[in-house]
Amino acid sequence: MKRQSERLRDCRAAIRWLLLGVALALLAGCELLAHQTPGTLVVRQARLITQDGNARLELAIDCTLSGPMQDALDHGIPLVFQIDVRGSGGLRAQPRVELRYFPLSRRYQLSINGSEDERGFATRGYLLAALASLRLDLPRDFAHLSADAPLRVGAALDPAALPGALRLPALFEPAWRLAATETTWPRTTP
């Protein structure tokens, strides 16, 4: 009976040490995640262009990718940005901008809404610079708005477009959080 209680005590002590080790490992992992530099995404300018019953959004985005995002892109994993455009009367459009790298040809590519109109670039820097001059087709309903009508524009990395193995880190790791603050364009001056 005494030996059994000693074994039980030793087992409980071992479990406490194991739990302490796991807790310390989790804290160290959280500390590493906290020190990863997150990327930035800012909608710098947005302008509605209406012509011949069609609507187009000219959009300028400044983007800096975090280290894990750069690694994913450079390994051929596409990064998809969801642009959220809302106008008066409940109008809403959500065009998608995809950034991709093809390791065999060493070319970066930007495509909008999966269209055939793709732009190719030699470096990641040129690819990210191209986000400053996007032209996104909007539904025809936006053509009824005046050119100075207020639009609410936001942008964010779409974690659902990532491969399964990256979706969970994209939801919890700060280095994968990339969203622009929603802004109203044109900006009103006080």
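A few points on the structure. Quick caveat, the model's predicted, so the values are computed rather than measured.

Thresholds applied
Residues numbered from 1 in each chain as written. Predicted model: local features only at pLDDT ≥ 70, side-chain atom pairs only at ≥ 80, totals over all residues. Heavy atoms only, no water. Salt bridge = Lys/Arg side-chain N within 4 Å of Asp/Glu carboxyl O. Helix = DSSP H or I, 4+ residues; strand = E, 2+ residues; numbered from the N terminus. Buried < 20%, exposed > 50% of the residue type's maximum accessible area, 1.4 Å probe, protein only. Phe/Tyr/Trp six-rings, centres within 6.5 Å; stacked < 30°, edge-to-face > 60°.

### A short note on the pattern of salt bridges
In step 1: A complete count under the given rule lists eleven salt bridges for this structure.
In step 2: Notably, a salt bridge pairs Arg-124 with Asp-74, separated by 2.8 Å at the nearest N-O pair. Of this pair, Arg-124 sits in helix α3 (residues 124-130) while Asp-74 sits in helix α2 (residues 67-74); the two residues are 50 residues apart in sequence, bridging distant segments of the chain.
In step 3: Among the residues examined, Arg-124 registers a relative accessible area of 23% and is labelled partly exposed.
In step 4: When its relative accessible area of 25% is taken as the criterion, Asp-74 is described as partly exposed.
In step 5: In this structure, Asp-158 and Arg-96 form a salt bridge, with 2.8 Å as the shortest nitrogen-oxygen distance. Of this pair, Asp-158 sits in the loop between β9 (151-157) and α4 (164-172) while Arg-96 sits in strand β5 (residues 96-102), and the two are 62 residues apart along the sequence.

### Side note on the packing of aromatic side chains
In step 1: Taken as a whole and assessed by the stated rule, the structure comprises one aromatic pair.
In step 2: Seen from their ring centres, Tyr-101 and Tyr-108 are 4.4 Å apart, and the 40° between their planes marks the pair as tilted. Of the two residues examined, Tyr-101 and Tyr-108, each falls in the buried class.

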